[in-house]
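Residue strings, one per chain:
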Amino acid sequence: FGDHPAQVKKIEFDKHLNDNAVLAALTVRQRQHLDFKDNNDHGEKRPAGDRNYLQLLPYLIVRDYQGKVFTYSRGKNGGESRLIGDRSAGYGGHIEVNDLMYVEAGGAVPDLINTVYGSAHRELVEELEFIDEIEGVSHDGTAKAVTTMEAVGLIYDTSNEVGHLHLGMVFVLTLAEGFTVKPREENVTEHGRLVSVAELGSAEHENWTQLAARYLL
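Before going into details, it helps to say that this report is about the structure given with it. (Residues numbered from 1 in each chain as written. Predicted model: local features only at pLDDT ≥ 70, side-chain atom pairs only at ≥ 80, totals over all residues. Heavy atoms only, no water.)

1. Comments concerning the environment of leucine 154
In step 1: Relative to the helices and strands, leucine 154 resides in strand S9 (residues 146–157).
In step 2: A sequence separation of 17 residues divides leucine 154 from phenylalanine 171, and the C-alpha atoms of the two residues are 9.3 Å apart. (Helix = DSSP H or I, 4+ residues; strand = E, 2+ residues; numbered from the N terminus.)

2. A short note on the side chain of serine 73
In step 1: Within the secondary structure, serine 73 sits in strand S4 (residues 69–74).
In step 2: By relative accessible area, which is 7% here, serine 73 ends up buried.
In step 3: Side chain to side chain, serine 73 and arginine 87 meet in a polar contact 2.8 Å long. (Buried < 20%, exposed > 50% of the residue type's maximum accessible area, 1.4 Å probe, protein only. Polar contact = N/O pair within 3.5 Å; in protein donor to acceptor, adjacent residues only side chain to side chain.)

3. Overview of the pairing of strand S3 (residues 54–63)
In step 1: Most of S3 is tucked away, with 10 of its 10 residues classed as buried.
In step 2: Where burial is concerned, the two faces of S3 agree: the one with Leu54, Leu56, Pro58, Leu60 and Val62 and the one with Gln55, Leu57, Tyr59, Ile61 and Arg63 are both buried.
In step 3: Relative to S3, strand S2 (residues 34–35) is paired through two bridges, and the arrangement is parallel. Each bridged residue has a counterpart across the sheet, and for leucine 34 the counterpart in S3 is leucine 54. (Pairing = 2+ DSSP bridges.)

So, in structure tokens, the structure goes:
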């Protein structure tokens, strides 16, 4: 990453699927401050806006089999109050303690890639219902509904306070033909609008969605 406020790094994760591929994309300061959790080592919630920590989280973009992207508006009961009202193509949230995996069993060194992948899968099950429109049934898991899920890059956007505190690993999921998704969370409104990648670049969408559309999709 350079010094530009909106920073996007496209990484061939599937060819180099290891922690070094991520860490090599970061500055020394970003690596030093990279963390997974909302809480400190004592279990206390960190103060809002604490720039001593850069939280890594998955940002999941879902496309139908024709390449259109599902979008929604963030409602007032969402987890991040500073994003209320924004249109978004990204699902996901903070990594939880139970998501943490380690390089060695019982060790202290986090396994970055597997932790984020595990968190991404948990978020999918918690946030989205996968619906088979042909059979008229829903699925809790992704095995039948999702044909591909790949990590495509990183987003770090310091043009606003939310972006300054978070590093997003962007995943793109492609649904099988005949499937759609429905949100499980009440804070999601105006869900289901399918748009082209070009349309995601409009100003009504949050910054991360615009950056992902411009550089990663």
